[in-house]
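Here is what each chain is made of, one letter per residue.
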Amino acid sequence: MVEDLPGQSCTKPPHLPGSYLVVELTNRCSLACVHCSVSEKGHAHHTTTGYLDPLLFDALVADLIATGARFDALILFWLGEPLLHPHFTRIYRRALRAADRHGTFAKVEVHSNATHLTAPRVRALLNDARVPQVLHLSLDAAGRDVYREVKGLDRFEKVQHNVEALLAEKGRTGARWPRVVLQYIVGTNNVDEVSAFRQHWEGVARAARLPVRSVAGHVPQGEEVVVFFRQLDCPTPALQESENAVYRGAMERERLPLPAASEKGHTVRAENLAPCSGFWKSPVVDWQGAVTVCTRDNLLHNAVGSLRHHTFFELWWGPEMRQRRARVAKGDYTGLALCDTCFIPRSLNHAALSPADIAAQKAHDDHLAGAS
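Okay, so let's go over this structure. Within each chain, residue numbers correspond to sequence positions counted from 1 in written order. Under the rules for a predicted model, residues below a pLDDT of 70 receive no local features and side-chain atom pairs below 80 are neither given nor counted, while totals for whole chains, interfaces and linings still include all residues. Side-chain metrics in this entry use all non-hydrogen atoms of the structure; hydrogen atoms and water are not considered.

### A closer look at the overall build of the protein
Okay, so step 1: Counting its regular elements, the protein contains eleven helices and ten strands.
Okay, so step 2: Working rule for contacts: check all heavy atoms of both residues, and any pair within 4.5 Å makes them a contact. Partitioning the intrachain contacts of the protein with sequence separation of at least 6 by distance along the chain shows that 76% fall at a separation of at least 24.
Okay, so step 3: Note that accessible areas follow from Shrake-Rupley with a 1.4 Å probe, and for residues the cover is restricted to the protein chains shown. When the accessible surface of the protein is split by element, carbon and sulfur atoms take 53% of a total near 16100 Å². For helices the rule is a DSSP run of H or I covering at least 4 residues; for strands it is a run of E covering at least 2, with both sets numbered from the N terminus onward.

And the structure:
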């Protein structure tokens, strides 16, 4: 294992609010959800499959510690099921250690479909560490038929059992972490089961003597179990408008308030005229070590390099990313695939970016450019 390193003589990157680092532990998955690239036959991201090398993760964490980099969250998930990784527990504990000892991550999140949320995995996840942790479970259905339609395979009863067992064990042990988020991505294909889903999981949590609340749009701060209804991100503005209406209607019926970005009258535009926070706040590392700027870039068109050949600091705060940020800050996405017509910066599922964030990063970028 790579040891934690002392601080090196480099300019410490700014800590931007809302920042998160996505690390894909594997691109293999036990389901084929219709809203995920796994379900697309022949998709290039899944032509070759495998697992993140734990030593590569160690080197990434060591570099973040050495350079003083900090993110508000580490998300151990992208386009596969992270609990499939044979060394998941080792990687998870390494992340917690970096967060606890060095403040590298303010919290650690795992996003899972719960198909492999086995008893040993539950034991590895339940803890009382000082580091906030979230287990974000993507469920998306309240019955077997809709589950099969949305998730691609019939794993409904297994997943229900796994999640119910997790909540019961968390209640029994009194473990503080992880906070459990039960996610439902609302779409035309599952909107009719929103109420049943909410009632079921609120009831299961209460039976386990765990506090629970249902929310829409964003997961609020706190530690209680959350039943979370999320907006679907779509490939075209027209489809996005249609699904937004479905989502708003469902949340109105449930009397769950929405953030302003999803209020009636909000129009989805295809032109991306605003600076996208991805270039500042949300680097994505795929299972082979490639670093890109957005989770929508599943073909790695905008990848800036690989951790197999460079450190994370060299890539994310290096010359190429400094140039990209300078252009994107002005709304110039020339040469950046997917970005010109992207409308996700206006989605509920995208991090905010303020002028202060841009200025703080620019000062850091300018200092590095002057020193190089």
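### A word on the sheet that holds strand β2 (residues 73-76)
Okay, so step 1: Taken in spatial order, the ten strands line up as β6-β7-β5-β4-β3-β2-β1-β8-β9-β10 in an open sheet, and their pairing is mixed. Edge strands, defined here as strands with exactly one partner in the open sheet, are β6 (212-216) and β10 (305-306).
Okay, so step 2: A pair of strands is labelled paired if DSSP reports no fewer than 2 bridges between them. As judged from the two bridges shared by strand β9 (residues 290-292) and β10, these two strands associate in the antiparallel manner. Its bridge partner lying in β10, V291 is registered against G305.
Okay, so step 3: Throughout, an axis means a line fitted to C-alpha atoms (over the contacting stretch in the case of helices), and angles, computed between N-to-C directions, take values from 0 to 180 degrees. Its contacts with the sheet place helix α5 (residues 156-173) against β4 (133-138), β5 (179-186) and β7 (225-231), and it is angled at close to 150° to β5.
Okay, so step 4: Contacts from helix α6 (residues 194-207) reach β5, β6 and β7, with the element oriented near 160° to β7.

### Some remarks on the packing of aromatic side chains
Okay, so step 1: Here a Phe, Tyr or Trp ring, Trp counted by its six-membered ring, pairs with any other such ring whose centre lies within 6.5 Å, and the pair is stacked when the planes are under 30 degrees apart, edge-to-face when over 60, and tilted otherwise. Taken as a whole, this structure holds eleven aromatic pairs when the rule is applied.
Okay, so step 2: Aromatic rings pair up to connect F71, F312, F313, W316 and W317 into one cluster.
Okay, so step 3: Two conditions define a charge located above a ring, namely a distance within 6 Å from the ring centre to NZ of Lys or CZ of Arg, and an angle within 35 degrees of the ring normal. The cationic tip of R325 hangs over the ring face of W316; the distance from NZ or CZ to the ring centre is 5.9 Å.

### As for the state of the cysteines
Okay, so step 1: The term disulfide is used for any two cysteine sulfur atoms that are within 2.5 Å. By the definition in use, this model includes zero disulfides.
Okay, so step 2: The thiol of C29 is not disulfide-bonded; the next cysteine sulfur, from C33, is found 6.2 Å away.
Okay, so step 3: With no disulfide of its own, C294 has C276 as its nearest cysteine by sulfur position, at a separation of 6.0 Å.

### Focus: the environment of R90
Okay, so step 1: By the element assignment, R90 lies in helix α2 (residues 88-102).
Okay, so step 2: In sequence terms R90 and P54 are 36 residues apart; their C-alpha atoms lie 8.1 Å from each other.

### Details of the side chain of E202
Okay, so step 1: Inspection of the secondary structure assignment puts E202 in helix α6.
Okay, so step 2: Under the scheme applied here, a residue whose accessible area is under 20% of the maximum for its type counts as buried, over 50% as exposed, and between as partly exposed, the area being computed with a 1.4 Å probe on protein chains only. For E202, a relative accessible area of 13% translates into the label buried.
Okay, so step 3: If near-sequence neighbours (up to four positions away) are discounted, E202 is found in contact with V212, S214 and V227.

### Structural notes on the pairing of strand β1 (residues 20-23)
Okay, so step 1: Relative to β2, β1 runs parallel, the two being bridged by three bridges. Residue V22 lies in a different strand from β2, and its bridge partner there is I75.
Okay, so step 2: Bridge count for β1 against strand β8 (residues 284-285) is two bridges, and the pairing is parallel. The partner of V23 across the bridge, within β8, is V285.

### Section: the pattern of salt bridges
Okay, so step 1: By salt bridge we mean one thing: a side-chain nitrogen of Lys or Arg within 4 Å of a carboxyl oxygen of Asp or Glu. Counting across every chain of the model gives 21 salt bridges.
Okay, so step 2: Salt-bridge contacts for R172 lead to E169; the nearest nitrogen and oxygen are separated by 2.7 Å. A residue pair is termed a helical-turn pair when its members lie 3 or 4 positions apart in one helix, as R172 and E169 do in helix α5 at three residues.
Okay, so step 3: The shortest N-O distance in the salt bridge between D233 and R230 comes to 4.0 Å.
Okay, so step 4: Given a relative accessible area of 24%, R230 falls into the partly exposed group.
Okay, so step 5: One salt-bridge network, held together by shared partners, links R144, D145, R148, D154 and E157.

### Quick look at helix α7 (residues 237-253)
Okay, so step 1: How far a helix is expected to stretch is found by multiplying one less than its residue total by 1.5 Å. In a regular helix each residue adds 1.5 Å, so 17 residues correspond to 24 Å; α7 covers 24 Å between its end C-alpha atoms and thus fits that length.
Okay, so step 2: For α7, the full list of buried residues reads Q240, E243, N244, Y247, R248, G249, A250 and M251.
Okay, so step 3: Where α7 is buried, its residues meet β5, α6, β6 and β7.
Okay, so step 4: At the exit of α7 stands R255, carrying a positive phi of roughly 55°.

### Describing the layout of surface pockets
Okay, so step 1: Space inside the second largest pocket adds up to approximately 230 Å³.
Okay, so step 2: Within the residue set of the lining of the second largest pocket, elements represented by two or more residues are α10 (319-328) and α11 (355-371).
Okay, so step 3: The residue classification treats Ala, Val, Leu, Ile, Met, Phe, Trp, Tyr, Cys and Pro as nonpolar and Asp, Glu, Lys and Arg as charged. All others, Gly included, are polar. Here the residues of the lining of the second largest pocket are counted per class, giving six nonpolar, one polar and six charged. Only protein atoms enter the 1 Å grid, on which a cavity is a set of points fitting a 1.4 Å probe that cannot get out and a pocket is an open set with protein on both sides within 12 Å along at least 5 of 7 lines, lining residues being those with an atom within 4 Å of a point. Grid points are joined across faces, edges and corners, and a volume is the space filled by probe spheres set on the points.

### Regarding α2
Note that an α-helix has 3.6 residues per turn; residues three or four places apart therefore point the same way.
Okay, so step 1: Compared with an ideal rise of 1.5 Å per residue, which puts 15 residues at 21 Å, α2 spans 21 Å between its outermost C-alpha atoms and is within 8% of the ideal.
Okay, so step 2: Among the residues making up α2, those that are buried are F88, I91, Y92, R94, A95, L96, A98 and A99.
Okay, so step 3: Where α2 is buried, its residues meet α1 (54-67), β2, β3 (108-112), α3 (119-125) and β4.

### So, the packing of α5 against α6
Okay, so step 1: Two numbers describe how α5 lies on α6: the axes approach to 9 Å, and their chain directions differ by 35°. Between α5 and α6 the crossing geometry is right-handed. Counting all contacts with α5, which are made through Q160, V163, E164 and L167, the residues of α6 involved are H200, W201 and V204. Helix crossings get a hand from a simple test, with the near helix turned counterclockwise from the far one by less than a right angle marking a left-handed crossing and a clockwise turn marking a right-handed one.

So far we have only geometry, and geometry alone does not tell us how the molecule works.
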